Amino acid sequence: MKVEILYFSQIKDKVGKSSEVLEFTGNTVSDLVEFLAQKYPNAKDVLEKSMFAVNEEYVDKQAILKEGDKIAIIPPVSGG
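Residues numbered from 1 in each chain as written. Predicted model: local features only at pLDDT ≥ 70, side-chain atom pairs only at ≥ 80, totals over all residues. Heavy atoms only, no water.

Asks: Before we go on, may I ask you to explain the pairing of strand 3 (residues 51-54) in this structure?
Replies: Consecutive side chains of a regular strand alternate in pointing toward one face of the sheet and then the other. As defined by bridge partners, strand 3 adjoins strand 5 (residues 70-74) across four bridges and the pair is classed as antiparallel. Residue pairing in the sheet places A53 in a bridge with A72 of strand 5. In terms of strand pairing, strand 3 meets strand 4 (residues 57-59) through three bridges, oriented antiparallel. Paired with F52 across the two strands is V59, which belongs to strand 4. (Pairing = 2+ DSSP bridges. Helix = DSSP H or I, 4+ residues; strand = E, 2+ residues; numbered from the N terminus.)

Next comes the structure, spelled out in structure tokens:
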């Protein structure tokens, strides 16, 4: 299936882009995380700690993805 990925903050820096359209064979956000960790090994640690939104709604990693979904990857933010 084709999905659009939006990258923010440190994950954007690690993959070197703010978005991309990907073709992958998984079904869940968790499958997508595994796919992206293989594609961008230096981003694996951030991917595992990030939050995810599908079509502007926060979801857990077991959420089912559909063709054309827009997935935002939101890394943890620290501040003070």
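Asks: Explain the sheet that holds strand 4 to me, please; I cannot follow it from the model alone.
Replies: Pairing between the strands of a sheet comes from backbone hydrogen bonds, and it takes one of two forms, parallel or antiparallel. Strand order across the open sheet formed by five strands is 2-1-5-3-4, with mixed pairing between neighbours. Every interior strand has two partners, whereas the edge strands, strand 2 (19-23) and strand 4, have only one. Averaged over all pairs of adjacent strands, the angle between their axes in this sheet comes to 30 degrees, without regard to strand direction. (Axes fitted to C-alpha atoms, helices over the stretch in contact; angles between N-to-C directions.)

Asks: Would you mind showing me how to read the packing of aromatic side chains here?
Replies: Note on aromatic pairs: each is described by the distance of the centres and the angle between the planes. Scanning the entire structure with this criterion turns up two aromatic pairs. Between Y7 and Y40, the ring centres sit 6.4 Å apart and the planes meet at 85 degrees, which makes this aromatic pair edge-to-face. One end of the pair, Y7, is in strand 1 (residues 2-7); the other, Y40, is in the loop between helix 2 (29-39) and helix 3 (44-49), with 33 residues separating them in the sequence. Note on accessibility: Y7 and Y40 belong to one class, buried. Where F24 meets F35, the ring centres are 5.7 Å apart and the plane angle is 45 degrees; that geometry is what we call tilted. Of this pair, F24 sits in the loop between strand 2 and helix 2 while F35 sits in helix 2, and the two are 11 residues apart along the sequence. (Phe/Tyr/Trp six-rings, centres within 6.5 Å; stacked < 30°, edge-to-face > 60°. Buried < 20%, exposed > 50% of the residue type's maximum accessible area, 1.4 Å probe, protein only.)

Asks: Is there a simple way to explain the side chain of S50 in this structure?
Replies: Tracing the chain through its elements places S50 in the loop between helix 3 and strand 3. Accessibility expressed as a relative area gives 7% for S50, which makes it buried. Separated by 2.7 Å, the side chain of S50 and the backbone oxygen of V46 make a polar contact. Among residues more than four places away in sequence, those in contact with S50 are I73, I74, P75 and P76. (Polar contact = N/O pair within 3.5 Å; in protein donor to acceptor, adjacent residues only side chain to side chain. Contact = heavy atoms within 4.5 Å.)

Asks: Looking at this structure, I do not really get the nonpolar core. What am I missing?
Replies: Most often, soluble globular proteins keep nonpolar side chains buried together rather than apart. Counting 22 residues, the largest nonpolar core has I5, Y7, L36, L47, I71 and I73 as its most contacted members. Taken together, the elements giving at least two residues each to this core come down to strand 1, helix 1 (9-15), helix 2, helix 3, strand 3 and strand 5. If one sorts the elements of this core by residue count, helix 2 sits on top with five residues. In contact with Y7, other than residues within four places in its own chain, are K12, V15, K17, S18, S19, E20, L22, L36, Y40 and I73. (Core = buried A, V, L, I, M, F, W, Y, C linked by side-chain atoms within 4.5 Å.)

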